[in-house]
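Working through the structure, step by step
What follows is the residue order along each chain.
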Amino acid sequence: MNQEEYLKKLYSNRFDPQQRKAKIALWKTLTDEFLQKYIDPESVVLDIGGGYCEFINQVKAREKYLIDLNPDSQLFADTNVTIFNVNVLNIQEPKVLKKQYDIIFVSNFFEHLNSKEELIKVLLFCFNHLNPGGSLLIIQPNFKYSVKEYYDFIDHQLPITHLSLKEVLEAIGFKIKVLIPKFLPYSTKGRPSSPKLLSLYLKLPFAWQFLGGQMFIQASKQF
């Protein structure tokens, strides 16, 4: 079994069809009511590690792209999404390397990396492929607030806190515009479990302090 086959089997086992359908509904609420305000509808957007396309299918943008090693991504993408089935750590395709973006979105990806060196490599890719004034948007499990559950998934390897991620982003040259250490609950299998509850949760930032296990960061590339 190669890496692509392993990933396909791992993620298909983790979320059954009913759970994936529920996740899509949650992502629509999250995108419409929170993430879209950071994304101009005329933007060119890249989603790194977007898997089943829950975010990239929902977001309003002029051009939409996704990088993911899982070959199933193509099956779930809307027709206006361009899929690059490549490893972001080892990109050789010129059409990927030459493209510039206004927004790069990364959700629940960095924890799967093997080392800090790989994290730096991905962040450098993001910095180099953002247009000046563009933003990197990150939703990421925060090890500081999810230490008990962090390794409940077999593919979680690199522990990251909001402080360590802020430090490396600033060292690369990003400016942190928004940093929310405790934002969403650690897992979509937890709370809130419906679009209505998520919509309410997003309107009540004080609740994030009790339930939040993931961080949100907006980091910009200055002109």
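Under the annotation held in an unreviewed UniProt entry, the protein carries the name Class I SAM-dependent methyltransferase and is attributed to Floridaenema flaviceps BLCC-F50.

1. Overview of helix α6 (residues 162–172)
Buried within α6 we find H162, L165, V168, L169 and I172. For α6, the buried positions fall inside an angular range of 135° around the axis, keeping them on one side. Opposite the buried face of α6, by more than 90 degrees, sit the exposed residues E167 and A171. Buried residues along α6 sit against α5 (116–129), β5 (130–141), β6 (175–180) and β7 (214–220). Of the residues flanking the end of α6, it is G173, one or two places downstream, whose phi is positive at about 130°.

2. A word on the pairing of strand β2 (residues 63–67)
Counting buried residues in β2 gives four out of five residues, a clear majority hidden from the surface. Looking at chain direction, strand β1 (residues 44–48) and β2 are connected through five bridges and run parallel. Across the sheet, V45 pairs through a bridge with K64, a residue of β2. Relative to strand β3 (residues 81–84), β2 runs parallel, the two being bridged by four bridges. Residue pairing for β3: L66 is matched across the bridge by I83.

3. As for the pattern of salt bridges
On inspection of all chains with the given rule, the structure shows eight salt bridges. Linking K28 and D32 is a salt bridge whose minimum nitrogen-to-oxygen distance equals 3.0 Å. Highlighted residues: K28 and D32, both in helix α2 (residues 17–33), separated by four residues, approximately one helical turn. Here D32 ties to K60 by a salt bridge, and the two come within 4.0 Å at their closest N and O atoms. In this pair, D32 sits in helix α2 while K60 sits in the loop between β1 and β2, placing the two residues 28 residues apart along the sequence. Accessibility expressed as a relative area gives 34% for D32, which makes it partly exposed. K60 sits in the partly exposed class, given a relative accessible area of 47%.

What counts as what
Residues numbered from 1 in each chain as written. Predicted model: local features only at pLDDT ≥ 70, side-chain atom pairs only at ≥ 80, totals over all residues. Heavy atoms only, no water. Buried < 20%, exposed > 50% of the residue type's maximum accessible area, 1.4 Å probe, protein only. Helix = DSSP H or I, 4+ residues; strand = E, 2+ residues; numbered from the N terminus. Arc of directions from axis to C-beta. Contact = heavy atoms within 4.5 Å. Pairing = 2+ DSSP bridges. Salt bridge = Lys/Arg side-chain N within 4 Å of Asp/Glu carboxyl O.

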